[in-house]
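Okay, here's what each chain looks like letter by letter:
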Amino acid sequence: MIRKPVQFKLVGLLKVICLGAVLVTYTNQSAASDSNAPTASNQTSKLPITIYYETLCSDSMVFITHQLYPSWLRREKEMKLRLVPFGKSWIDERNNDTPVYHCQHGPRECELNILHGCIFEKLPFDKAFPVVACLMKNFRTSFDQCIEGHTDKIESINSCHSGTLGRILYRTFQNETDNVHRPLPFVPTIVDDEPYNYYEQDNWLQRFDRKFVERYESKYGTKL
């Protein structure tokens, strides 16, 4: 659990309009993802996709559950996917020894954002994303329920979540989010291998799989 004070009250989760979301690079995730360039052992190119999201944002939940995760299951060989759980959060670091986390949907969201980051940090992406997708099904799913099958990693994930590594990851999430747009106009925000384009967001959010296929075929000249 995060032991830092948070000064943002939790509001009605289902009534809050989600206005921003972010995605981050995890230290061990690049090793689990294939390079964009085909190799002798893997002739399939991968299109980079980054999702900037919030763990208690209903729009993020709907998008990940109904669009992103099903598409990834079909396109895993062609998609180099990353997720950054930060969104409209911010970190008050005026006291360097005790940073204060603020999240759009309250302190619980800050805890869950860091937990998601630690799941991606401690598990290979193809194992971590199903756990995160499980957590994003609704507001009632629990970590213990979703981590089944990876119980050997619970201790290291919890240690990351409550310790220095979790704080380092969350600071990285903030930096990556700011590099996209600050504040993000909407959560979730989707970025492919091209610079962030506000005017493409509706297409990505409403028709993710179709947009991915169009972008992939345009870039690589390969039909999916």
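Residues numbered from 1 in each chain as written. Predicted model: local features only at pLDDT ≥ 70, side-chain atom pairs only at ≥ 80, totals over all residues. Heavy atoms only, no water.

Caption draft 1: Spotlight on the layout of surface pockets. Approximately 300 Å³ is the volume attributed to the largest pocket. For the largest pocket, the lining is made up of 20 residues, of which Arg-108, Leu-112, Leu-115, Leu-135 and Thr-141 are closest to its centre. Looking at the lining of the largest pocket, the elements with two or more residues in it are helix 3 (107-122) and helix 6 (154-162). In the lining of the largest pocket, the residues fall into 10 nonpolar, eight polar and two charged. (1 Å grid on protein atoms, 1.4 Å probe; cavity = no way out; pocket = protein on both sides within 12 Å on 5 of 7 lines; lining within 4 Å. Points joined across faces, edges and corners; volume = space filled by probe spheres on them. Helix = DSSP H or I, 4+ residues; strand = E, 2+ residues; numbered from the N terminus. Nonpolar A, V, L, I, M, F, W, Y, C, P; charged D, E, K, R; others polar.)

Caption draft 2: Summary view of the sheet that holds strand 5 (residues 189-191). One open sheet accounts for three strands, arranged 2-1-5; its pairing is mixed. Either end of the sheet is taken by a strand with one partner, and the two such strands are strand 2 (79-85) and strand 5. Averaged over all pairs of adjacent strands, the angle between strand axes in this sheet comes to 20°, irrespective of strand direction. Sheet analysis places strand 1 (residues 47-53) next to strand 5, joined by three bridges and oriented antiparallel. Pairing of Tyr-52 across the sheet is with Thr-189, part of strand 5. Those strands touched by helix 3 are strand 1 and strand 2, and its axis lies near 145° from that of strand 2. (Pairing = 2+ DSSP bridges. Axes fitted to C-alpha atoms, helices over the stretch in contact; angles between N-to-C directions. Contact = heavy atoms within 4.5 Å.)

Caption draft 3: Representation of unusual backbone geometry within the structure. Arg-182 connects to Pro-183 through a cis peptide bond whose omega is -5°. Locating Pro-183 in the fold gives a position in the loop between helix 7 (164-180) and strand 5. Val-187 connects to Pro-188 through a cis peptide bond whose omega is 0°. Relative to the elements of secondary structure, Pro-188 occurs in the loop between helix 7 and strand 5.

Caption draft 4: Fine view of the pairing of strand 1. The buried fraction of strand 1 is high, at seven of seven residues. As defined by bridge partners, strand 1 adjoins strand 2 across seven bridges and the pair is classed as parallel. Residue Leu-47 lies in a different strand from strand 2, and its bridge partner there is Met-79. The parallel pair strand 1 and strand 2 is bridged by helix 2 (residues 58-75), and the resulting crossover is right-handed. (Buried < 20%, exposed > 50% of the residue type's maximum accessible area, 1.4 Å probe, protein only. Right-handed = clockwise from strand over helix to strand, strands pointing away.)

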